[in-house]
Amino acid sequence: MPTLYVTAPPAAADDLADTLVSERLAACVNAIDCQSTYRWDDEVAHDDERVLLIKTTAEAADRATERIEALHPHEVPCIERFETDDVLDRFGSWINESVD
């Protein structure tokens, strides 16, 4: 059962979370405020962002990634996929029931 890790500007993060859950590409999205430091155009940049932990299914993960890419405001969005092999059975069942 994958979890997608995505960073985005706060307003975009809220829209991404709402869209993914509304479109049943994710069962749940946790949003955590963070400060990102990164290199862009050969400069060090700092931005307020949100980390999104997107709970989805193996079957929906690619579609969720495509949707994130389509909506994300960054030219190179951070989208990482983590496989979660050990989840509470009831939680895994809820995710499977919540995602198409």
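The coordinates are above.
Residues numbered from 1 in each chain as written. Predicted model: local features only at pLDDT ≥ 70, side-chain atom pairs only at ≥ 80, totals over all residues. Heavy atoms only, no water.

**Thoughts on the sheet that holds strand β3 (residues 43-55)**
Moving on, step 1. In spatial order, the strands read β2-β3-β1-β4; together these four strands make up an open sheet with antiparallel pairing. Single-partner strands in this sheet number two, and they are β2 (28-40) and β4 (78-83). Strand after strand, the sheet turns through a mean of 25° between neighbouring axes, direction not considered.
Moving on, step 2. Where strand β1 (residues 2-8) meets β4, six bridges bridge the pair, whose relative direction is antiparallel. Each residue of the ladder has a partner; that of tyrosine 5, found in β4, is glutamate 80. (Pairing = 2+ DSSP bridges. Helix = DSSP H or I, 4+ residues; strand = E, 2+ residues; numbered from the N terminus. Axes fitted to C-alpha atoms, helices over the stretch in contact; angles between N-to-C directions.)

**As for the pattern of salt bridges**
Moving on, step 1. All told, the structure shown has seven salt bridges when counted by the stated rule.
Moving on, step 2. Measuring nitrogen to oxygen at the nearest pair gives 2.8 Å for the salt bridge that ties arginine 67 to glutamate 23. On the criterion of sequence distance, the pair formed by arginine 67 in helix α2 (residues 58-71) and glutamate 23 in the loop between α1 (10-22) and β2 is long-range, its members being 44 residues apart.
Moving on, step 3. Take glutamate 23: its relative accessible area is 37%, and that puts it in the partly exposed class.
Moving on, step 4. Among the salt bridges present, the one from arginine 39 reaches aspartate 42, with a minimum N-O distance of 3.7 Å. The pair arginine 39 / aspartate 42 is uniform in exposure class, with both members exposed.
Moving on, step 5. Taken together, the shared-partner salt bridges in this structure form one network comprising Asp14, Asp33 and Arg50. (Salt bridge = Lys/Arg side-chain N within 4 Å of Asp/Glu carboxyl O. Buried < 20%, exposed > 50% of the residue type's maximum accessible area, 1.4 Å probe, protein only.)

**Structural notes on the side chain of threonine 7**
Moving on, step 1. Turning to its location among the elements, threonine 7 is positioned in strand β1.
Moving on, step 2. Aside from chain neighbours lying at most four places away, what touches threonine 7 is Glu49, Arg50, Val51, His72 and Cys78. (Contact = heavy atoms within 4.5 Å.)

**Examining α2**
Each α-helix winds once per 3.6 residues, and so residues spaced three or four apart point in a common direction.
Moving on, step 1. Helix length check: α2, at 14 residues, gives a terminal C-alpha distance of 21 Å against a target of 20 Å (1.5 Å per residue), a fit within 8%.
Moving on, step 2. Within α2, the full set of buried residues consists of Ala60, Ala61, Ala64 and Ile68. Looking down the long axis of α2, one finds its buried residues gathered within 115° of arc, a one-sided arrangement. Of the residues in α2, the exposed ones pointing more than 90 degrees away from the buried face are Glu59, Asp62, Glu66 and Ala70.
Moving on, step 3. Buried residues along α2 sit against β1, α1, β3 and β4. (Expected span 1.5 Å × (residues − 1). Arc of directions from axis to C-beta.)

**Thoughts on the environment of histidine 46**
Moving on, step 1. As for its position among the elements, histidine 46 is in strand β3.
Moving on, step 2. With 24 residues separating them along the chain, histidine 46 and serine 22 place their C-alpha atoms 31 Å apart.
Moving on, step 3. Apart from residues lying up to four places away in sequence, histidine 46 is in contact with Gln35, Ser36 and Thr37.

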